[in-house]
Amino acid sequence: MITKKKFFYYLISIIFGISNFYFIYKNFKEDHSSEDKMEMPEEYKSLKSILERLAKYNYLGNETIYFSINSGNYANWLAEEIDICDQGDCTLFKGLNPFKKQLGDKKHEKNEIVRQSYLLGNIEASASPNNNIFISRSSFKVIDKRKDVLAFIIAHEISHILDNSSFVNSLQESKEGFNLNKKKRELLYYEISRNSEMDADKKACLILFKANYPLKTCTESIKFIYKESGDGQETKKDSTHPGFLERIESMEQYEGDLSIKMKNEKIFDIGSISYDPEMNFIKYEPKKN
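Basis of the calculations
- The written sequence of each chain sets the order in which its residues are numbered from 1.
- pLDDT decides what is reported in this predicted model: residues at 70 or higher carry local features, side-chain atom pairs at 80 or more are listed and counted, and totals for whole chains, interfaces and linings draw on all residues regardless.
- Values shown for side chains rest on all heavy atoms present in the structure; no hydrogens or waters enter the calculation.
- For the purposes of this entry, the term helix denotes a DSSP run of H or I that reaches at least four residues, the term strand denotes a run of E that reaches at least two, and both are numbered from the N terminus.
- Categorising residues by exposure relies on relative accessible area from a 1.4 Å probe, with only protein chains included: less than 20% of the type maximum marks a residue as buried, more than 50% marks it as exposed, and the intermediate range marks it as partly exposed.
- Residues count as neighbours in contact if any of their non-hydrogen atoms are within 4.5 Å of one another.
- The Shrake-Rupley method, run with a 1.4 Å probe, gives the accessible areas here. Residue values count only the displayed protein chains as cover.
- For two strands to count as paired, DSSP must find a minimum of two bridges between them.
- Only the contacting stretch of a helix is used when fitting its axis, a line to C-alpha atoms as for every element, and angles between N-to-C directions run 0 to 180 degrees.
- Pairing of aromatic side chains requires ring centres within 6.5 Å, counting the rings of Phe and Tyr and the six-membered ring of Trp. Pairs whose planes differ by under 30 degrees are stacked, by over 60 edge-to-face, and all others tilted.
- Placement of a positive charge over a ring is assigned whenever Lys NZ or Arg CZ falls within 6 Å of the ring centre and within 35 degrees of the normal to the ring plane.
- What a helix should span is 1.5 Å times the count of its residues minus one.
- Working note: the arc is built from the helix axis to C-beta atom directions.
- We call a pair of cysteine sulfur atoms a disulfide when they lie within 2.5 Å.
- Patches here: salt-bridge-free residues with over 30% relative accessible area, like charges joined within 9 Å, nonpolar side chains (Val, Leu, Ile, Met, Phe, Trp, Tyr) joined within 5 Å.
- Salt bridges are defined by distance alone: a side-chain nitrogen of Lys or Arg within 4 Å of a carboxyl oxygen of Asp or Glu.

Asks: Where do I start with the overall build of the chain in this structure?
Replies: Check the secondary structure of the chain and you find 11 helices and 5 strands. The 289 residues of the chain split such that 37% are buried. Taking the contacts inside the chain whose residues are at least 6 apart along the sequence as the reference set, 70% of them involve residues at least 24 apart. Of the roughly 17500 Å² that the chain leaves accessible, carbon and sulfur atoms contribute 54%.

Asks: How should I be thinking about the sheet that holds strand β2 (residues 125-128) in this particular structure?
Replies: Strands belonging to one sheet form pairs held by backbone hydrogen bonds; the direction of such a pair is parallel or antiparallel. Reading across from one edge, β2-β3-β1-β5-β4 is the order of the 5 strands in this open sheet, with mixed pairing throughout. Edge strands, defined here as strands with exactly one partner in the open sheet, are β2 and β4 (272-276). Strand-to-strand, the axes of this sheet are offset by a mean angle of 20 degrees, without reference to chain direction.

Asks: Help me understand the side chain of Ser128, please; the structure alone is not making it clear to me.
Replies: Position of Ser128 among the secondary structure elements: in strand β2. Leave out the neighbours within four places in its chain, and Ser128 touches Phe134 and Ile161.

Asks: Would you explain the packing of aromatic side chains in this entry?
Replies: The way to describe two aromatic rings as a pair is by their centre distance and the angle between their planes. Here the structure, examined in full by the defined rule, presents 6 aromatic pairs. Centre to centre, the rings of Tyr226 and Phe244 are 5.5 Å apart; their planes meet at 55 degrees, and the pair counts as tilted. Residue Tyr226 is found in helix α10 (residues 217-229), and its partner Phe244 is found in helix α11 (residues 244-259); the two are separated by 18 residues along the sequence. Taken together through their ring pairs, the aromatic side chains of Tyr44, Phe99 and Tyr275 make up a single cluster. Geometry around Tyr118 places Arg137 over its ring, the cationic atom sitting 4.3 Å from the centre.

Asks: Can you help me understand helix α8 (residues 165-176) in this one?
Replies: Residues lying three or four places apart along an α-helix face the same way, a consequence of the helix completing one turn every 3.6 residues. Between the first and last C-alpha of α8 there are 16 Å, a value that for 12 residues agrees with the 16 Å anticipated at 1.5 Å per step. Here α8 has its buried residues at Ser165, Asn169 and Glu173. Down the axis, α8 shows its buried residues gathered within 60 degrees of arc, on one side only. When the buried face of α8 is taken as reference, the exposed residues oriented beyond 90 degrees from it are Phe167 and Lys175. Of the surrounding secondary structure, the elements contacted by the buried residues of α8 are α7 (147-162) and α9 (182-210).

Asks: Would you explain the pairing of strand β3 (residues 132-136) in this entry?
Replies: Regular strands place their side chains on alternate faces of the sheet. Burial analysis of β3 places 4 of its 5 residues in the buried class, which makes it a mostly covered element. Across 4 bridges, β2 lies against β3 in antiparallel orientation. Residue pairing in the sheet places Ala127 in a bridge with Ile133 of β3. Between the antiparallel neighbours β2 and β3 lie 3 residues, among them Asn131 with a positive phi of about 70 degrees.

Asks: Is there a simple way to explain the state of the cysteines in this structure?
Replies: All told, the structure shown has 2 disulfides when counted by the stated rule. Covalently, Cys85 is tied to Cys90 through a disulfide, its sulfur atoms 1.7 Å apart. Disulfide Cys85-Cys90: the torsion about the S-S bond is 95 degrees, which places it as right-handed. Residues Cys85 and Cys90 agree in their burial class; the two are buried. Across a sulfur-sulfur distance of 2.1 Å, Cys205 and Cys218 are joined as a disulfide pair. Taking the sign of the S-S torsion, about 95 degrees here, the bridge from Cys205 to Cys218 comes out right-handed.

Asks: I'm lost on unusual backbone geometry in this one. Help?
Replies: Although it is not a glycine, Asn164 adopts a positive phi angle of roughly 50 degrees. Looking at where Asn164 falls in the secondary structure, it is placed in the loop between α7 and α8. In this structure, Asn280 takes a positive phi of about 60 degrees despite not being glycine. Among the structural elements, Asn280 can be located in the loop between β4 and β5 (281-285).

Asks: Whenever I open this one, a nonpolar patch on the surface confuses me. Can you help?
Replies: A cluster of nonpolar side chains, namely Phe167, Val168 and Leu171, defines an oily patch on the protein surface of about 280 Å² accessible area. Take Val168: it is sitting in helix α8.

Dropping the structure here:
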């Protein structure tokens, strides 16, 4: 027979059990609610809109391209600063999904890194040889309403992929630098990289020109990017990118060349553009011929 005392203890244990279950469930829902409600972020909407316009008026190759918005290099530096990774081994943090709440070990530190990277980071974009284009979320904050600047950045990185820049640059270095000593070959590498960047500028400008952006978009975008980075330095022999004045001069000359060309306005089938929130990318698939 259950006594009143035993019944009381039994009731208390049930209440505690239900309470614990509730708090566990509540925390679980808080951690995963952002995933359940995940819609396309405004940054991806802007990216998608520009990509549709560029693809409509340009041939962007016949391979799938992935566009991913990440936390950026500033996140790697912050991770080193608070000592949650070994120096030089913090590349994971750059790739953190800035639209998703970080879970697991060091989740509070990771979420703070993502927040500060967005707040303090600058314009940052890159293309990899395996058809991935990465843009830091902070880029969108800095660019703000200057969608023309964003269009130039996207077109520039697409140009690197279309030109197979990484492979072509490496091959050129191999051919021209085969018999050079280490120092001279290093300088050759930087020179090839700088030329590749200016080639990508020109190809990006042509892409924007065909997509009916104002011709001055290219020069104005480069000015904006350098101004926001605080970098007005001249070209350095040990730099992968040209200095401000050299890059502007190259772009202004190319804009002049384009201004006397007739625009052949051809419309392309843009293929498909899909957003994957779990993988954190936009996938561009050109229509197969």
